[in-house]
Amino acid sequence: MLALGVSSPPPSCSSHHVLASFTYLRISPSLSSSRASSFRGIRIGAGGGRMVVRMAKREEEMKDIRAKTTEEINEEVIDLKGELLMLRLQKSARNEFKSSEFGRMRKRIARMLTVKREREIEEGINKRLSRKLDRKWKKSIVVRPPPSLRKKQEEQKAAEAEKSS
């Protein structure tokens, strides 16, 4: 087993010869291999610890999702799929939108469905029954506008109420 440690740059490297700041790693054999690792990710090179921060945010998001009930997860999946539809409509209408939102929403939906499936596995529901239940759930969904569209509709109604009064 190897242990990683952070060290300063070697004395032969002067600061004016280095174009970017790098993290130097010192690798040494570990004496105790029985300890559990607390290693969560590392970013080597310029830019600091962006990767470590992203991994921490992802773990925080998973904790939030796991704290929700299955019904809350189902409702949020429906809302996120509606938001994804709205993004696709904005893209087809050539409106301005953030293209990174597609991936972000799809990953969030996937995380929620993963937690949902983990709970089914804990209950002893096999894959075939899970698919059957999923089909039933999808058929029972009542079509409703996504939260962003509901917000816009409420703003329009409020604006019309102000004009009429």
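What counts as what
- Residues numbered from 1 in each chain as written.
- Predicted model: local features only at pLDDT ≥ 70, side-chain atom pairs only at ≥ 80, totals over all residues.
- Heavy atoms only, no water.
- UniProt positions renumbered as here; feature names shortened; annotations may be inferred.
- Helix = DSSP H or I, 4+ residues; strand = E, 2+ residues; numbered from the N terminus.
- Contact = heavy atoms within 4.5 Å.
- Areas by Shrake-Rupley, 256 points an atom, 1.4 Å probe, with all protein chains shown as cover.
- Expected span 1.5 Å × (residues − 1).
- Buried < 20%, exposed > 50% of the residue type's maximum accessible area, 1.4 Å probe, protein only.
- Core = buried A, V, L, I, M, F, W, Y, C linked by side-chain atoms within 4.5 Å.
- Phe/Tyr/Trp six-rings, centres within 6.5 Å; stacked < 30°, edge-to-face > 60°.
- Lys NZ or Arg CZ within 6 Å of the ring centre and 35° of its normal.
- Patch = residues over 30% accessible without salt bridge, like charges linked within 9 Å, V, L, I, M, F, W, Y side chains within 5 Å.
- Salt bridge = Lys/Arg side-chain N within 4 Å of Asp/Glu carboxyl O.
- Lys, Arg positive; Asp, Glu negative; His and termini not counted.
- Charge placed at Lys NZ, Arg CZ, Asp CG, Glu CD.
- Axes fitted to C-alpha atoms, helices over the stretch in contact; angles between N-to-C directions.
- Parallel < 35°, antiparallel > 145°, perpendicular 65-115°, else oblique.
- Nonpolar A, V, L, I, M, F, W, Y, C, P; charged D, E, K, R; others polar.

Under an unreviewed UniProt entry, the name given to the protein is Large ribosomal subunit protein uL29c, and the source organism is Musa balbisiana. Regarding the protein, the UniProt comment filed under Subcellular location (unreviewed entry) reads as follows: "Plastid, Chloroplast". The UniProt entry for the protein carries the following text under Sequence similarities (unreviewed entry): "Belongs to the universal ribosomal protein uL29 family."

K.L.:
With reference to specific residues and values, describe the overall build of the protein.
P.N.:
Helix and strand counts for the protein stand at five helices and two strands. Helices (α) and strands (β) of the protein occur, in sequence order from the N terminus, as β-β-α-α-α-α-α. The contacts of the protein with a sequence gap of at least 6 include a subset with a gap of at least 24, amounting to 56%. About 13,300 Å² of surface is accessible on the protein, with carbon and sulfur atoms providing 55% of the total.

K.L.:
Explain helix H3 (residues 100–123) to me, and be specific about the residues and the numbers.
P.N.:
Between the first and last C-alpha of H3 there are 35 Å, a value that for 24 residues agrees with the 34 Å anticipated at 1.5 Å per step. Along H3, the residues classified as buried are Phe 102, Met 105, Ile 109, Arg 111, Met 112, Val 115, Lys 116, Arg 119 and Glu 120. Of the residues one or two after H3, Gly 124 is the one with positive phi, at around 90°.

K.L.:
Got a sec to walk through the nonpolar core? Specific residues and values, please.
P.N.:
Core analysis: the biggest nonpolar cluster contains 14 residues, and Ile 65, Ile 73, Val 77 and Met 112 have the highest contact counts within it. For this core, the secondary structure elements donating two or more residues are helix H1 (50–67), helix H2 (70–92) and H3.

K.L.:
I'd like to hear about the packing of aromatic side chains, residue by residue, with values.
P.N.:
If you walk through the whole model with that rule in mind, you get one aromatic pair. Note on Phe 97 and Phe 102: the rings are 5.7 Å apart at their centroids and 90° apart in plane angle, and the pair reads as edge-to-face. We note Lys 91 situated over the ring of Phe 102; from NZ or CZ to the ring centre the distance is 5.7 Å. In this structure, Lys 116 packs its charged tip against the face of Trp 137, placed 4.0 Å from the ring centre.

K.L.:
So what about unusual backbone geometry? Which residues, and what values?
P.N.:
Within the chain, Arg 94 stands out as a residue other than glycine whose phi angle is a positive 60°. Here Arg 94 lies in the loop between H2 and H3.

K.L.:
Got a sec to walk through a positive patch on the surface? Specific residues and values, please.
P.N.:
On the surface, Lys 127, Arg 128, Arg 131, Lys 132, Arg 135, Lys 136 and Lys 139 cluster together to form a positively charged patch. Within the fold, Lys 132 resides in helix H4 (residues 127–139).

K.L.:
Describe the packing of H2 against helix H5 (residues 147–164), listing the residues and the values that go with them.
P.N.:
As a packed pair, H2 and H5 sit with axes 8 Å apart at the nearest point and diverge in direction by 75°. As judged from the angle between their axes, H2 and H5 are roughly perpendicular. Facing H2, whose interface residues are Asp 79, Glu 83, Met 86 and Gln 90, H5 presents Pro 147, Ser 148, Leu 149, Arg 150 and Lys 152. For the contact of H2 with H5, a count of residues per class yields three nonpolar, two polar and four charged.

K.L.:
Give a description of the pattern of salt bridges that names residues and reports values.
P.N.:
Opposite charge on two side chains permits pairing when their charged atoms draw close. Enumeration according to the criterion identifies nine salt bridges in this entry. Across the salt bridge formed by Glu 61 and Arg 108, the nearest N and O atoms sit 2.4 Å from each other. You can see Glu 61 sitting in helix H1 and its partner Arg 108 sitting in helix H3, a full 47 residues away along the chain. Under the relative-accessibility criterion, Glu 61 is labelled buried at 19%. For Lys 68, the salt bridge goes to Glu 76, with nearest N and O atoms at 2.2 Å. Three or more residues joined by partner-sharing salt bridges are found here, namely Glu 61, Lys 68, Glu 76, Arg 108 and Arg 111.

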